[in-house]
Amino acid sequence: KQEVTQIPAALSVPEGENLVLNCSFTDSAIYNLQWFRQDPGKGLTSLLLIQSSQREQTSGRLNASLDKSSGRSTLYIAASQPGDSATYLCAPWGYSGAGSYQLTFGKGTKLSVIP
Amino acid sequence: GAVVSQHPSWVICKSGTSVKIECRSLDFQATTMFWYRQFPKQSLMLMATSNEGSKATYEQGVEKDKFLINHASLTLSTLTVTSAHPEDSSFYICSASISGRALPGDTQYFGPGTRLTVL
């Protein structure tokens, strides 16, 4: 059974800082991995999707890396802004049996960017 | 972009009553919808996968007779928590696959969630 751990659980940084969020997963047999942002009352927003064959994926100030063999992914946020404050979730896609696939979520890292 | 709504946003009910939560895809047809549950400070856990016109597929440990899922149309799936108890209090989130599939990487659009509090 896939288990996903995200460190740290919470992070508070001043505006403008670069930061790294860590994610580890126990089953390296994944198809790809997604990073989501969760805002209260607004559901989840997909930020980046990294295919299992990729090592990095970039979107604006966000850069996600994937080391499938070691079961790790990191999300790098450059020049953080107060609007980045949210909970960030890591979720690998895995095979759950009987022709089904599913996302397994970590508990998330709650980020607060202080103006 | 694709929008998924949920209703209600928050529901408080007495123990023993049943609660229905609606999940709607507003501007696209969703052949496949997913229901997740998130307890405080815990991760989202997939409860079931719902396909329009067929029975939902439940994850291990989820009681299908307690959590009734109906996906009667391409834009609406409902989750009914029957005989709710305080331990069912949680945040329920649905998502919809715009591709109609449940394959890795297929974009899922998530609803804002419904907070259920059972007294």
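What comes next concerns the included structure.

Bringing the layout of surface pockets into the picture now. Looking at the largest pocket, its volume works out to about 1,400 Å³. As for the largest pocket, its lining consists of 50 residues, and the residues nearest its centre are Gly106(A), Lys107(A), Gln42(B), Ser43(B) and Leu44(B). Counting only elements with at least two residues in the lining of the largest pocket, the list comes to strand S1 (4-7), strand S4 (30-39), strand S9 (86-97), strand S10 (100-103) and strand S11 (109-114) of chain A together with strand S5 (45-51), strand S9 (90-97) and strand S11 (114-118) of chain B. The biggest single contributor to the lining of the largest pocket is S9(A), with five residues. Residues belonging to the lining of the largest pocket are distributed by class as follows: 19 nonpolar, 21 polar and 10 charged.

All names here are of chain B. On the basis of which strands lie adjacent, the open sheet formed by four strands has the order S1-S3-S8-S7 and antiparallel pairing. The sheet terminates laterally at strand S1 (4-7) and strand S7 (67-73), the two strands that pair on one side only. Pairs of neighbouring strands in the sheet enclose a mean axial angle of 15°, with direction left out of account.

Moving on, we come to the interface of chain A and chain B. The figure often quoted for interface size is the accessible area lost as the parts come together. Opposite the 17 residues of chain A that make contact, chain B presents 19 residues. Buried surface at the junction of chain A and chain B, both sides included, amounts to about 1,500 Å², of which 60% is carbon and sulfur. For the pair chain A and chain B, the number of links is zero salt bridges. At the boundary of chain A and chain B, one finds two residue pairs in polar contact (both at pLDDT 80 or more). Going through the elements one at a time, S4, strand S5 (43-51), S9 and S10 of chain A are the ones with two or more residues in the side of chain A that touches chain B.

Here Trp93(A) shows up in strand S9. Measuring from C-alpha to C-alpha, the distance between Trp93(A) and Leu103(A) comes to 4.6 Å, with 10 residues separating the pair along the chain.

Residues and elements named next belong to chain A. Across all of its chains, the model carries four salt bridges over all chains by this definition. Residues Arg37 and Asp39 are paired through a salt bridge, measuring 2.9 Å at the closest nitrogen-oxygen approach. One exposure class covers both Arg37 and Asp39, and it is buried. For Asp84, the salt bridge goes to Arg61, with nearest N and O atoms at 2.8 Å. Of this pair, Asp84 sits in the loop between strand S8 (72-77) and S9 while Arg61 sits in the loop between strand S6 (56-59) and strand S7 (62-67), and the two are 23 residues apart along the sequence. Residue Asp84 is classed as buried on the basis of its relative accessible area of 7%. Among the residues examined, Arg61 registers a relative accessible area of 30% and is labelled partly exposed.

One finds Trp35(B), Phe67(B), Leu79(B), Tyr92(B) and Leu116(B) to be the most contacted residues of the largest nonpolar core, which totals 24 residues. Of all the elements in the fold, those that place two or more residues in this core are strand S2 (10-13), strand S3 (19-25), strand S4 (32-38), S5, S7, strand S8 (76-81), S9 and S11 of chain B. With residues up to four places along the chain from it excluded, the contact list for Leu79(B) reads Val19(B), Lys20(B), Ile21(B), Trp35(B), Phe67(B), Leu68(B), Ile69(B) and Tyr92(B). Counting residues in each nonpolar core, the second largest holds 21 residues, with Val13(A), Phe25(A), Leu75(A) and Tyr88(A) among its members.

Cut-offs and rules
- Residues numbered from 1 in each chain as written.
- Chains lettered and ligands numbered in written order.
- Predicted model: local features only at pLDDT ≥ 70, side-chain atom pairs only at ≥ 80, totals over all residues.
- Heavy atoms only, no water.
- 1 Å grid on protein atoms, 1.4 Å probe; cavity = no way out; pocket = protein on both sides within 12 Å on 5 of 7 lines; lining within 4 Å.
- Points joined across faces, edges and corners; volume = space filled by probe spheres on them.
- Helix = DSSP H or I, 4+ residues; strand = E, 2+ residues; numbered from the N terminus.
- Nonpolar A, V, L, I, M, F, W, Y, C, P; charged D, E, K, R; others polar.
- Pairing = 2+ DSSP bridges.
- Axes fitted to C-alpha atoms, helices over the stretch in contact; angles between N-to-C directions.
- Contact = heavy atoms within 4.5 Å.
- Buried area = accessible area lost by both parts, 1.4 Å probe.
- Salt bridge = Lys/Arg side-chain N within 4 Å of Asp/Glu carboxyl O.
- Polar contact = N/O pair within 3.5 Å; in protein donor to acceptor, adjacent residues only side chain to side chain.
- Buried < 20%, exposed > 50% of the residue type's maximum accessible area, 1.4 Å probe, protein only.
- Core = buried A, V, L, I, M, F, W, Y, C linked by side-chain atoms within 4.5 Å.

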